[in-house]
Amino acid sequence: MPPLTSLHLRHLLRHYHLSSPPPPTTFSLCFTPTHLPKTPALPFRLSQRPFSSSQTLNPNNAESPDPAIAQSLSTEISRDPNTDPLSISERLQLSFSHLTKNNALTPSLVLQTLKLSPDAGRTVIGFHHWLIKDSNFEQSDESLAIFVDYFGRRKDFKASHDLLVEGKSVAGVKCFESMIDRLVRAGRTTQVIGFFERMERDYGFKRDKKSLTFVVQKLCENGYASYAEKMVKNLANEIFPDDGICDLLIKGWCVDGKLEEAKRLAGEMYRGGFEIGTMAFNAMLDCVCKLCREKDPFRLESEVEKVLMEMDIRGVPRNVETFNVLISNLCKVRRTEDAMKLYSRIGEWGCCPDETTFLVLIRSLYQAARVGEGDEMIDRMKSAGYGDKLDTKAYYGFLKILCGIERLEHAMSVFEMMKADGCKPGIKTYDLLMGKWCAHNRLDKANVLYNEALSNGVTVTPKEYRVDKKFMKKPKAVKKEKKRETLPEKMARKRRRLKQIRLSFVKKPKKGMRRAL
């Protein structure tokens, strides 16, 4: 074996340093209520924001990656490439060759590494080349879509294009969906249309009704209904639209808030022999409610009745989403009682409430300070079989509302309910409750929560919280003792008082004396 050079030794030492776990850190609690104005502290950063909201990996197909390995890879690819003469592929091969032998390079590890490297930039291309050179790493549509989505998030669509061209043999539905999703979210509508026109020639993606439906759906969800409608009409001779695509177009116009355009398109659909589905009517119903809330809330009921009457005339059945739209908009204008009456009548149309119905009503009841009914609605939600939808995010929303209306004691009972249901509170939940108790000048309650967070492994950073003026302890007024006057002070006070009395009886000049003057 040839002797190691200084360059090899440096990389091996760096790899050993990155792989070693960091020393444990401990925190001590010292809540400091202050009455002086403080600079608002920044919110806790739980983790790097994931670069994809749609990329999900099946946990049954791959084991969860080692966080230490992902962090080491992220540190290596995030380094400045100008500081080392070797390329990123060579550096990774030199420092992480053991991963290729152990088959540790999985799509889940790649996804976790890129989550931790939001600012790596084009260096990620070298990381991708190192992966595909490994004989044990099998490049797939799923792994390539992770890189396409990463560069799409950075709006580096040239890099995404190059990756799709290189991986044309493995690129599939996931790569197509990632590219379309990122182009639309970046506002590149013309590029979306151009991509769809040439994707079969350049990338090998199949142009069919399914792919067109996905593009139309993404454009309409993000407020580009005009581009979607023009695209569908231009491709009508090649891919004839169906009822689902037409419903998506109507929904897109409603998302834009353009109700007249949605009605115009609905009229064209009826004249063309299409049938409008429940989804399109629900979108128009939501658009009507939104416009009434903004312009004239008193017209809400009359305008809603027109849409519901149109549904009945056309024979379009109502579903639970129809009631969810109505209940949500009633709750937004603080008409909780009307929303509850509508909830009690859902069964008359053969519908059953779903998790959205329950969550909206629970939040509205808590907002209206009807906390007892809110707890009952939580029990109903569990009885209906939607208890698994009461996750940490849902409970955090309830706690935020209860803290906002100053119902801290009830917020603590909901907090206990949250833990009883198996939901583990995070940093944001503990910080919310501790901040509220400190604002109420109850440091004992805040300290209990802090110690509980540490015992559960939740690292909450101690900081200063501002105490509300309403809950400050007012200082006791010091009683002034009456000082006994001396004789000269008493005489002087009497002379001042007699002078005031004498000046208050000044005679006014008579009218005759004024004329003489």
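Residues numbered from 1 in each chain as written. Predicted model: local features only at pLDDT ≥ 70, side-chain atom pairs only at ≥ 80, totals over all residues. Heavy atoms only, no water.

Convention followed: UniProt positions are given in the numbering used here, feature names are shortened, and annotations may be inferred rather than shown by experiment.
The protein carries the name atpase expression protein 3 in an unreviewed UniProt entry, which gives Salix viminalis as its organism. For the protein, the Sequence similarities (unreviewed entry) comment in UniProt is given as "Belongs to the PPR family. P subfamily."

**Quick notes on the nonpolar core**
One recurring pattern in soluble globular proteins is that nonpolar side chains are buried together. Here is the rule we go by: Among buried residues, those of type Ala, Val, Leu, Ile, Met, Phe, Trp, Tyr and Cys that are joined through side-chain atoms within 4.5 Å constitute a nonpolar core. Summary of the burial criterion: residues with accessible area below 20% of their type's maximum are buried, those above 50% are exposed, and those between are partly exposed, where the area comes from a 1.4 Å probe applied to protein chains only. Each helix corresponds to a stretch of at least 4 residues labelled H or I by DSSP, and each strand to a stretch of at least 2 residues labelled E; elements are numbered beginning at the N terminus.
Counting 137 residues, the largest nonpolar core has Phe195 and Ile250 as its most contacted members. Tallying contributions element by element places helix α15 (residues 278–295) first for this core, with nine residues.

**With respect to the packing of helix α11 (residues 209–221) against helix α12 (residues 225–234)**
Keep this limit in mind: Only the stretch in contact is used when a helix axis is fitted, and all axes are lines through C-alpha atoms; the angle between N-to-C directions ranges over 0 to 180 degrees. Oblique is the label for any angle not covered by the other classes, which are roughly parallel (under 35 degrees), roughly antiparallel (over 145) and roughly perpendicular (65 to 115). For a crossing to be left-handed, the near helix must be turned anticlockwise from the far one by less than a right angle; the clockwise case is right-handed. We call two residues contacting when some pair of their heavy atoms lies within 4.5 Å. Ten residues, namely Ala, Val, Leu, Ile, Met, Phe, Trp, Tyr, Cys and Pro, are considered nonpolar, four, namely Asp, Glu, Lys and Arg, are considered charged, and the remaining ones, Gly among them, are considered polar.
Close contact between α11 and α12 brings their axes to 8 Å; oriented N to C, the two are set at 155 degrees. Considering their axes alone, α11 and α12 lie roughly antiparallel with respect to each other. Where α11 crosses over α12, the two elements pack in a sense that is left-handed. For the pair α11 and α12, the contacting residues are Leu212, Val215, Val216, Leu219 and Cys220 in the first and Ala225, Ala228, Met231 and Val232 in the second. Residue composition of the contact of α11 with α12, by class: nine nonpolar, no polar and no charged.

**Re the UniProt feature "repeat: PPR" (unreviewed entry) in the protein**
Sites flagged by UniProt as "repeat: PPR" (unreviewed entry) map to residues 242–276, 319–353 and 391–425. Overall, residues 242–276 shows 74% helix and 0% strand. The separation of its end C-alpha atoms is 10 Å. With 74% helix and 0% strand, the stretch residues 391–425 has end C-alpha atoms that lie 10 Å from each other.

**Digging into unusual backbone geometry**
For Ala369, which is not a glycine, the phi torsion comes out positive at approximately 65 degrees. Relative to the elements of secondary structure, Ala369 occurs in the loop between α19 (355–367) and α20 (371–383). By relative accessible area, Ala369 is classed as partly exposed at 34%. In the Ramachandran plot, Glu406 falls in the positive-phi region, its phi being about 65 degrees despite a non-glycine side chain. Here Glu406 shows up in the loop between α21 (392–404) and α22 (408–420).

**A word on helix α23 (residues 427–439)**
Selection criterion: One less than the residue count of a helix, multiplied by 1.5 Å, gives the span that helix is expected to have.
An ideal rise of 1.5 Å per residue puts 18 Å on 13 residues; α23 measures up with 18 Å between its terminal C-alpha atoms. Across the 13 residues of α23, 11 count as buried, placing the element largely inside the fold. Three or more residues of α23 are buried, namely Ile427, Thr429, Tyr430, Asp431, Leu432, Leu433, Met434, Gly435, Trp437, Cys438 and Ala439. Count one or two residues on from α23 and you reach Asn441, which has phi positive near 65 degrees.

**Observations concerning the environment of Val304**
Structurally, Val304 is set in helix α16 (residues 300–314). We classify Val304 as buried; its relative accessible area is 9%. Along the chain, Val304 and Cys289 lie 15 residues apart, while their C-alpha atoms are 7.2 Å from each other. Sequence-distant contacts of Val304, that is, excluding residues within four places in its chain, are made with Leu285, Val288, Cys289 and Leu326.

**Focus on α12**
Counted only if it meets this: To be clear, the arc concerns the directions from the helix axis to the C-beta atoms.
Taken together, the buried positions of α12 are Ala225, Ala228, Glu229, Met231 and Val232. Taken down its axis, α12 places every buried residue within 160 degrees of arc, on the same side. Within α12, the exposed residues directed more than 90 degrees away from the buried face are Lys230 and Asn234. Buried residues along α12 sit in contact with α10 (189–202), α11, α13 (243–255) and α14 (259–271).

**Some remarks on the confidence of the model for the protein**
The line we're drawing: Predictor confidence is given residue by residue as pLDDT, running from a minimum of 0 to a maximum of 100.
Summing up the model confidence of the protein, the mean pLDDT is 81 and the portion of residues at 70 or higher is 83%. Within the protein, the lowest mean pLDDT, 41, falls on helix α1 (residues 6–19), and the highest, 94, falls on α19.

**Quick notes on the environment of Gly374**
Tracing the backbone shows Gly374 in helix α20. Relative accessible area serves as the criterion here: at 0%, Gly374 is assigned to the buried category. In this structure, the C-alpha to C-alpha distance between Gly374 and Arg363, residues 11 residues apart in sequence, is 7.6 Å. Here Gly374 is in contact with Ile362, Leu365 and Tyr366, once residues within four sequence places are set aside.

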